[in-house]
Amino acid sequence: MSGLVAPEGFDAPTVERVSPARWRTAVQRALEEGARPAGLHGADGEGGPEARLLLDREGVLSLLVCPAVDGGVPTLVDLAPALNWDERELHDVRGVRAVGHEPLRPLVDHDLDLERWTVPVHGEGPYQVAVGPIHAGVIESGHFRFHLVGERILHLDARLFYKHRGLERLAEGRTAADGLAVARRACAACAVTNAVAYAQAAESALGLWPDPMLRDVRTLLLELERLYNHLHDIGQLCAGVGFAAGAMAFAALKERAQRLNLRLAGHRFLFDSVAIGATPFRLERVDARVARDELRALRLDARRAWRVVLFNSSVQDRLDGVGVVTREDALRIGTVGPAGRASGVARDARQHAPRLSYEGFVPAAPAAANGDVQTRLELRALELETTFDLFDALLARPLDGGTAVPAADPAPLGAAVVESPRGATACVLELADGAVRRFSLRTGSYANWPSAAFCAPGNLLPDFPLINKSFELCYACADR
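Residues numbered from 1 in each chain as written. Predicted model: local features only at pLDDT ≥ 70, side-chain atom pairs only at ≥ 80, totals over all residues. Heavy atoms only, no water.

A. Structural detail: the packing of aromatic side chains. Inspection of the entire model under this criterion finds 12 aromatic pairs. These aromatic residues form a ring-pair network of at least three members: Phe144, Phe146, Trp449, Phe464 and Tyr475. (Phe/Tyr/Trp six-rings, centres within 6.5 Å; stacked < 30°, edge-to-face > 60°.)

Written out as structure tokens, the structure is:
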């Protein structure tokens, strides 16, 4: 080992293989010790299909691996309800059944029989309203089937996974560098997050550790991505309640942020700004100073625009109490990111990110964690202030490249968790002879789609566009 030394516990994840008989016991023990499930995926092991559970202990990652016997592994959904979609996808994509998960409704495999994939709703007067998968706007495909009595939502079944892009399979057999291009394209709005998560997983497997400059560059790129996404999301919620002044103001701010991205990195969505073990991003002293000045001006304008939204009673009255996710429910179903923090779950992957420059980071918290649309909106405005503070520190000097150096022994498998604008994104990468053997990407959007559907019941049908916009999730992330 040479060069920079990785902090203890922050090199390649430990891998523990357990039998199906010990699978649930091992997971239960890990959860009781404070680990959180960061994603479950399938892989082709040496002895056949297997399930791999990524666990996150305040940034220290580990994998529990269980081989499938007779095509199945014991279900974990009662221990960790956040893995509901993961188990359904594991069955549809890898053919591994979660034994005891009943009914195991299809998720990726679109069964045409409504009774197979929707929850039955019985009683006097319920009816269904189907929205999508083709929408009037320029968005990806997504189908929402509402069960209603009058205007009141009784239940919502959400169906995504329409495109079947097969990105994870596409990466297999490619070099690690070529796999990065595949990961980046899972979602344009989270291109940096997905690329950084993949690059960190690769460096974890290769035994590389980023120097301070590389950590600063990646942190800056992640926050630039968070900036334009949060500005966009605030504007979209203003549009959802018909408040044109707020919608236009934040659309203009988002445009300014993306034009700055173009000048700094050559791309409005910051494509091709992340590489494994290095970065193509360069920022001379004068450019850093100009960027910091522009971001300070943007901060002042964002504050002015936010005050108009905050003190508009018609906007606030429309959002209060809509789409509530309680703290208990958020913990149970695995709500992440701003949506989770709005419900009082003070988790942010930036708190435990030694491969990035977030030392001493404290996530923004709402005055009252009501878990409704209004709180999810207000939290984004609070997080903008944190992001602008980070810009001031990161742009105080030129950013001249950066590299990752050998600091630990290589391992066959690496993993990373990175905070996206929508929540924690997890990547697991297995390499063999420099090529991708298996790649799994679980984005913040994927984690939060069940929460968006969960909090719809009890609200009116016209409330759902506001609920949906308050999460502002990506469809493409599910079509990976």
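B. Structural view of the pairing of strand β9 (residues 152-159). Bridge count between strand β8 (residues 143-149) and β9: 7 bridges; the pairing is antiparallel. What sits directly across from Phe144, in β9, is Ala158. A loop of 2 residues connects β8 with β9, the two strands running antiparallel in sequence, and Gly150 in this loop sits at a positive phi of about 65°. (Pairing = 2+ DSSP bridges. Helix = DSSP H or I, 4+ residues; strand = E, 2+ residues; numbered from the N terminus.)

C. Geometry of helix α8 (residues 244-265). Relative to the 32 Å expected for 22 residues at 1.5 Å per residue, α8 spans 31 Å between its end C-alpha atoms, a close match to the ideal helical length. Along α8, the residues that are buried comprise Gly246, Ala247, Phe250, Leu253, Lys254, Ala257, Gln258, Leu260, Asn261 and Leu264. Along α8, the residues classed as buried sweep out an arc of 150° about the axis, all on the same side. Away from its buried face by more than 90 degrees, α8 exposes Met248, Arg259 and Arg263. (Expected span 1.5 Å × (residues − 1). Buried < 20%, exposed > 50% of the residue type's maximum accessible area, 1.4 Å probe, protein only. Arc of directions from axis to C-beta.)

D. Fine view of the pattern of salt bridges. For the structure on display, the rule yields 40 salt bridges. The shortest N-O distance in the salt bridge between Asp111 and Arg116 comes to 3.0 Å. Among the residues examined, Arg116 registers a relative accessible area of 41% and is labelled partly exposed. Note that Arg341 and Asp348 form a salt bridge whose closest N and O atoms lie 3.3 Å from each other. (Salt bridge = Lys/Arg side-chain N within 4 Å of Asp/Glu carboxyl O.)

E. Spatial organisation of the sheet that holds strand β1 (residues 14-17). Spatial ordering of the open sheet is given by β1-β4-β3-β2, a layout of 4 strands whose pairing is mixed. Each end of this open sheet is capped by a strand with a single partner; those strands are β1 and β2 (36-45). Here the average twist between neighbouring strands, direction ignored, is 25°. Sheet topology places β1 next to strand β4 (residues 60-67); 4 bridges connect them, and they run parallel. Within β4, the position partnered with Thr14 by the bridge is Ser62. In the packing of helix α1 (residues 20-32) onto the sheet, the strands contacted are β1, β2, β3 (48-57) and β4, and the crossing angle to β4 comes to about 160°. The strands touched by helix α2 (residues 84-94) are β2 and β3; relative to β2, the strand with the most contacts, the crossing angle is about 10°. (Axes fitted to C-alpha atoms, helices over the stretch in contact; angles between N-to-C directions. Contact = heavy atoms within 4.5 Å.)

F. Structural context of the sheet that holds strand β15 (residues 423-432). The antiparallel open sheet is built from 3 strands, whose spatial order is β14-β15-β16. Since the sheet does not close on itself, it has two edges, and those belong to β14 (413-420) and β16 (435-442), each with one partner. Averaged over all adjacent pairs, the angle separating strand axes in this sheet is 15°, with direction ignored. Relative to β15, β14 runs antiparallel, the two being bridged by 8 bridges. The residue bridging Gly414 from the neighbouring strand is Leu429, located in β15.

G. View of the packing of α8 against helix α9 (residues 285-310). Interaxial distance between α8 and α9 falls to 10 Å at its minimum, and their mutual angle equals 165°. It follows from the interaxial angle that α8 and α9 lie roughly antiparallel. Crossing handedness for the pair α8 and α9: left-handed. Where α8 abuts α9, its residues Gly246, Ala249, Phe250, Leu253, Arg256, Ala257, Leu260, Arg263 and Leu264 lie against Ala291, Glu294, Leu295, Ala297, Leu298, Asp301, Ala302, Ala305, Trp306 and Val309. Among the residues making up the contact of α8 with α9, the classes are represented as 14 nonpolar, 1 polar and 4 charged. (Parallel < 35°, antiparallel > 145°, perpendicular 65-115°, else oblique. Left-handed = near helix turned anticlockwise from the far one by under 90°. Nonpolar A, V, L, I, M, F, W, Y, C, P; charged D, E, K, R; others polar.)

H. Broad picture of the pairing of β15. Among the 10 residues that make up β15, 8 are buried, leaving the element largely enclosed by the rest of the structure. In this antiparallel pair of consecutive strands, β14 and β15, the connection spans 2 residues. Inspection of the sheet shows β15 paired to β16 by 7 bridges, in the antiparallel sense. Paired with Glu430 across the bridge in β16 is Arg438. In sequence, β15 turns back onto β16 through a hairpin of 2 residues, with Asp433 there showing a positive phi of about 55°.

I. Broad picture of empty space enclosed by the protein. Across all of its chains, the model carries 3 cavities of 30 Å³ or more by this definition. Empty space within the largest cavity amounts to approximately 200 Å³. Lining the largest cavity are 20 residues, with Leu40, His41, Gly42, Ser440 and Arg480 positioned closest to its centre. Mapped by element, the contributors of at least two residues to the lining of the largest cavity are β2, α2, β15 and β16. (1 Å grid on protein atoms, 1.4 Å probe; cavity = no way out; pocket = protein on both sides within 12 Å on 5 of 7 lines; lining within 4 Å. Points joined across faces, edges and corners; volume = space filled by probe spheres on them.)

J. Expanded view of the state of the cysteines. Summed over all chains, the structure comprises 0 disulfides. Looking at the unpaired Cys187, the closest cysteine sulfur is the one in Cys474, lying at 3.4 Å. For Cys187, a relative accessible area of 4% corresponds to the buried category. (Disulfide = S-S within 2.5 Å.)

K. Seen up close, the environment of Glu87. Turning to its location among the elements, Glu87 is positioned in helix α2. Glu87 sits 10 residues away from Arg97 along the chain, and the two C-alpha atoms are 7.6 Å apart. Setting aside its immediate chain neighbours within four residues, Glu87 contacts Leu40, Thr75, Leu76, Val77, Ala98, His101 and Leu104. One polar contact links Glu87 to His101, side chain to side chain, over a distance of 2.8 Å. (Polar contact = N/O pair within 3.5 Å; in protein donor to acceptor, adjacent residues only side chain to side chain.)

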